[in-house]
Number of protein chains: 2
Amino acid sequence: MIVLKLGGSVITDKDRPETLDGDALERAADAVATALGEGGERLVIVHGGGSFGHHNASEHGITTTEGTRDAAAALDVHGAMKTLNQFVLGRLLERDVDAVPVHPFSTAHRDAEGDLVLPTGQIETLLADGFVPVLHGDMLANAAAGGGTGGDDTDGATVVSGDELVASLARDLEADRIGLCSTVPGVLDDEDAVIERITDYDAVESVLGASESTDVTGGMAAKVRALLELDAEASIFGLEELAAFLEGETVGTTID
Amino acid sequence: MIVLKLGGSVITDKDRPETLDGDALERAADAVATALGEGGERLVIVHGGGSFGHHNASEHGITTTEGTRDAAAALDVHGAMKTLNQFVLGRLLERDVDAVPVHPFSTAHRDAEGDLVLPTGQIETLLADGFVPVLHGDMLANAAAGGGTGGDDTDGATVVSGDELVASLARDLEADRIGLCSTVPGVLDDEDAVIERITDYDAVESVLGASESTDVTGGMAAKVRALLELDAEASIFGLEELAAFLEGETVGTTID
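Rules and cut-offs
- Residues numbered from 1 in each chain as written.
- Chains lettered and ligands numbered in written order.
- Predicted model: local features only at pLDDT ≥ 70, side-chain atom pairs only at ≥ 80, totals over all residues.
- Heavy atoms only, no water.
- Helix = DSSP H or I, 4+ residues; strand = E, 2+ residues; numbered from the N terminus.
- Rg over C-alpha atoms; globule rule 2.2 N^0.38 Å.
- Buried < 20%, exposed > 50% of the residue type's maximum accessible area, 1.4 Å probe, protein only.
- Contact = heavy atoms within 4.5 Å.
- Areas by Shrake-Rupley, 256 points an atom, 1.4 Å probe, with all protein chains shown as cover.
- Buried area = accessible area lost by both parts, 1.4 Å probe.
- Salt bridge = Lys/Arg side-chain N within 4 Å of Asp/Glu carboxyl O.
- Polar contact = N/O pair within 3.5 Å; in protein donor to acceptor, adjacent residues only side chain to side chain.
- Least-squares fit on C-alpha atoms with pLDDT ≥ 70 in both.
- Pairing = 2+ DSSP bridges.
- UniProt positions renumbered as here; feature names shortened; annotations may be inferred.

As for the overall build of chain A
Helix and strand content of chain A: ten helices and twelve strands. Taken over the C-alpha trace, chain A has a radius of gyration of 17 Å; the compact-globule value for 256 residues is 18 Å, and the two agree within 12%. Taken along the three principal axes of its C-alpha coordinates, chain A extends 50 × 45 × 35 Å. Buried positions account for 57% of the 256 residues belonging to chain A. Residue pairs in contact within chain A that sit at least 24 positions apart in sequence constitute 75% of those at least 6 positions apart. As displayed, chain A offers around 9900 Å² of accessible surface, 41% of which is attributable to carbon and sulfur atoms.

Quick notes on the interface of chain B and chain A
Taken residue by residue, the interface counts 36 residues in chain B and 36 residues in chain A. For the pair chain B and chain A, the summed buried surface comes to about 2600 Å²; carbon and sulfur atoms form 62% of the total. Considering only the side of chain B, the residues that lose the most area to chain A are B:Arg69, B:Ser106 and B:Asp129, jointly responsible for 22% of the buried surface there. Inspection of the chain B/chain A interface yields zero salt bridges. Summed over the shared surface of chain B and chain A, the number is 13 residue pairs in polar contact (both at pLDDT 80 or more). Elements represented by at least two residues in the side of chain B that touches chain A include exactly α4 (71–94), β3 (99–101), α5 (104–107), β4 (109–110), α6 (121–128) and β7 (138–142) of chain B.

Overview of the relation of the copies chain B and chain A
Laying chain B over chain A is done by rotating through 180 degrees and shifting 0.0 Å along the axis; what remains is an RMSD of 0.0 Å. Both copies are brought into coincidence by an operation consistent with a two-fold rotation axis. Within chain B, the C-alpha atom positioned nearest to the axis of rotation is that of B:Thr107, 2.4 Å from it. Looking at chain B, 100% of its interface residues are interface residues in chain A too, so the copies touch through the same face.

With respect to the side chain of A:Ser168
Residue and element names in this part refer to chain A. Considering the arrangement of structural elements, one finds Ser168 in helix α8 (residues 162–172). Ser168 gets classed as buried once you look at its relative accessible area, which sits at 7%. Dropping the residues within four chain positions of it, Ser168 is found in contact with Leu116 and Leu118.

Digging into the pattern of salt bridges
Two side chains bearing opposite charge may form a pair once their charged atoms approach each other closely. The tally for this structure, following the rule as stated, stands at 20 salt bridges over all chains. A:Asp163 is the salt-bridge partner of A:Lys5, the closest N and O atoms lying 2.9 Å from each other. Placement of A:Lys5 in strand β1 (residues 2–6) and of A:Asp163 in helix α8 is noted, with a sequence separation of 158 residues between them. We note a salt bridge from B:Asp13 to B:Arg16, for which the minimum N-O separation is 3.7 Å. For B:Asp13, a relative accessible area of 27% puts it in the partly exposed group. Exposure remark for B:Arg16: the relative accessible area of 51% places this residue in the exposed category. Through salt bridges with shared partners, a single network forms among A:Glu26, A:Asp30, A:Arg91, A:Glu94 and A:Arg95.

Quick word on the environment of B:His136
Residues and elements named next belong to chain B. Mapped onto the secondary structure, His136 falls in strand β6 (residues 132–136). Judged by relative accessible area, His136 falls into the buried class, the value being 0%. Sequence separation between His136 and Gly8 is 128 residues; the distance between their C-alpha atoms is 9.3 Å. With near-sequence residues (within four places) excluded, His136 lies in contact with Val46, His47, Met81, Asn85, Val102, His103, Pro104 and Leu165. At a separation of 2.8 Å, a polar atom in the side chain of His136 contacts the side chain of His103.

Some details on the sheet that holds strand β9 (residues 177–182) of chain B
All names here are of chain B. Taking strand neighbours across the sheet as the criterion, the eight strands line up as β3-β6-β2-β1-β9-β11-β12-β10 in an open arrangement whose pairing is mixed. Two strands close off the open sheet at either side, each with one partner strand: β3 and β10 (197–198). Relative to β6, β3 runs parallel, the two sharing three bridges. Bridge pairing links Pro101 to Val134 in β6.

Topic: the side chain of B:His47
Residue and element names in this part refer to chain B. In this fold, His47 is placed in strand β2 (residues 43–47). Only 3.1 Å separates the side chain of His47 from the side chain of Asn85, close enough to count as a polar contact. Dropping the residues within four chain positions of it, His47 is found in contact with Lys5, Leu6, Ile11, Met81, Leu84, Asn85, Val88, Val134, Leu135, His136 and Gly137.

Observations concerning the UniProt feature "binding site: ATP" (unreviewed entry) in chain A
Residue and element names in this part refer to chain A. With numbering aligned to this structure, UniProt lists the feature "binding site: ATP" (unreviewed entry) at Lys5, Leu6, Gly7, Gly8, Ser9, Gly219 and Lys223. The named residues occupy 219 residues along the chain; their greatest pairwise C-alpha distance, 14.2 Å, places them in one compact cluster. Its relative accessible area of 5% is what places Lys5 among the buried residues. Assessed through its relative accessible area of 16%, Gly219 is described here as buried.

Some thoughts on the pairing of strand β6 (residues 132–136) of chain A
Residue and element names in this part refer to chain A. Burial of β6 is extensive: five of the five residues sit out of reach of the surface. Going residue by residue along β6, you find Val132, Val134 and His136 tucked away on one face and Pro133 and Leu135 tucked away on the opposite face as well. When strand β2 (residues 43–47) meets β6, the two strands line up parallel, connected through three bridges. Residue pairing for β6: Val46 is matched across the bridge by Leu135.

Written as structure tokens, this is what we have:
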């Protein structure tokens, strides 16, 4: 079983609000359709927001820890992510991939400690029925913020990133492989060469900067840290390597 | 805590595909907004499909037990229900009700015995955050049909009715009251008078016929049977009694 993240920056133009990168999404959908057509590989897809969602969240001051109790604000972000999800599903369905949406806001929440609780019974059953569940960064009801830190401004629904969902899914579904399809060909060292293998965060901390565009959910550093904590081997690679990754090849940066 | 079902036939014109009954929906939203404005009542809303969803399901031959492995067919039904859900949310948001969607296809499934498994952590957290979760009849991944009875035609995603969701939510959230807002003022006897109280199915079986329009999810008989199995007291009433029900009055038919 593979958990595949399609980076929001890959499938959208991250610097222009609500703008799809149609060509990139088509290429990603082609690679997925080819891989699923060839074998019985089980696949769960998670996509980020890119220019859908991040801008809306910023406008409302909503982050992964700063929440809102205003349904209209929450639905602004949620609705933008559903719109992008529709595009992703559409491109996959056109290629006979039986993709169905799993909207995190409908199923997951943060508990009193702020930890993500994401049920997986529906995802396992969708997989068993032959579907390809497609999740995305989203809003989440949050039991934590109000209790711990007090104040209405930190209460209510908060953001969950695609990366956080990937980590949770990979753990709970016992994924064999995790793929993060990114705008870069891997984690780059300070001479912009792809680092082949990362097994320790401290060794690469100095070269991991912040994401350049608006991103409420953290950049490459957060991705690497989260992936190092997982049992399954993870790969970070560019779109041109997606087909090879899905065929089982070692591509980009391997995090283990 | 109240679980309120808004019947699909109440808020849509059930005989014309994908046609909203805008006036009825506005009146329902008014009653909900007034009740929530007055006190701190916690409310979970479930709406049926009416003319959204039932027709699509019929076209594809999908029922609560006959499923599909075709994502496009499943999304036809799911998409119709989301469209109706958007209308319901819109009318509530206009009245400052912090309504948010909980799409069952994203969170629930049927287990190997065909029983509905609906996680409620996200719903409890949404309620604690001050939101009004709005669920709806939908599609569900199904672990049962293929295993038990064999054959591809009974495998895949099946329909879940709003009534089935209401029963599950009322049980798991330990609802104080259950309200079914219907097109009729209650369960009618054979002279069309409202039966005030039902405590035993056999006593009313002879007067409970099938629903007149296309309804893949069962009519009044199924509703009454399911409600009799619950601990909480349930009421079946017409739209004109919704405000009174939400204020705590005894209206329509009480099922206990």
